[in-house]
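An overview of the molecular structure
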Amino acid sequence: MKEKKNSKASKSRRVAEKNEKAMIAGILEGSPDGIGVAVIRLECGCRKMAAVDKEGEPASKIVAYRDSAMSICDKCKKDHGDFSRVTEAFIDWVEPGPDAATRKKIEVKVLGNYPQA
């Protein structure tokens, strides 16, 4: 029984990643200055994303969405995806992307400086 749960969770995870990649591609398509997309995943399953430019400045508006839903959840509508509910945050870079030091500088500017697990 446990094996089925893991398999289902794994499949669900793959779908979310595939949908997320499609959103990232769409955001970058509308953001000619974008060199990556900041992705904020929230505990409720909603996501916030925005393109960033080479200086770490916004290169698009923030897009909030939830996989397979018409809109974001009620919690996010109320608190706009509060930082305390963030489970993961990263930048999906356009390859080849900037060097490691520049990536780190932009990540700290965009996502903040927090301990890595």
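Preceding this section is the structure that the text describes.
**So, helix 3 (residues 100–111)**
The end-to-end C-alpha distance of helix 3 is 16 Å, a good match for the 16 Å that twelve residues give at a rise of 1.5 Å each. Those residues of helix 3 not exposed but buried are Arg103, Ile106 and Leu111. One face of helix 3 carries all of its buried residues, which in axial projection span an arc of 100°. Helix 3 presents Ala101 and Lys105 as exposed residues on the side facing more than 90 degrees away from its buried surface. Of the surrounding secondary structure, the elements contacted by the buried residues of helix 3 are strand 1 (36–42), strand 2 (46–52) and strand 4 (86–93).

**Structural notes on the side chain of Glu20**
Positionally, Glu20 belongs in helix 1 (residues 2–29). There is a polar contact of 2.5 Å between the side chain of Glu20 and the side chain of Arg41. With sequence-adjacent residues up to four places away left out, Glu20 is seen in contact with Val39, Arg41, Arg47, Met49, Tyr65 and Phe90.

Basis of the calculations
- Residues numbered from 1 in each chain as written.
- Predicted model: local features only at pLDDT ≥ 70, side-chain atom pairs only at ≥ 80, totals over all residues.
- Heavy atoms only, no water.
- Helix = DSSP H or I, 4+ residues; strand = E, 2+ residues; numbered from the N terminus.
- Expected span 1.5 Å × (residues − 1).
- Buried < 20%, exposed > 50% of the residue type's maximum accessible area, 1.4 Å probe, protein only.
- Arc of directions from axis to C-beta.
- Contact = heavy atoms within 4.5 Å.
- Polar contact = N/O pair within 3.5 Å; in protein donor to acceptor, adjacent residues only side chain to side chain.

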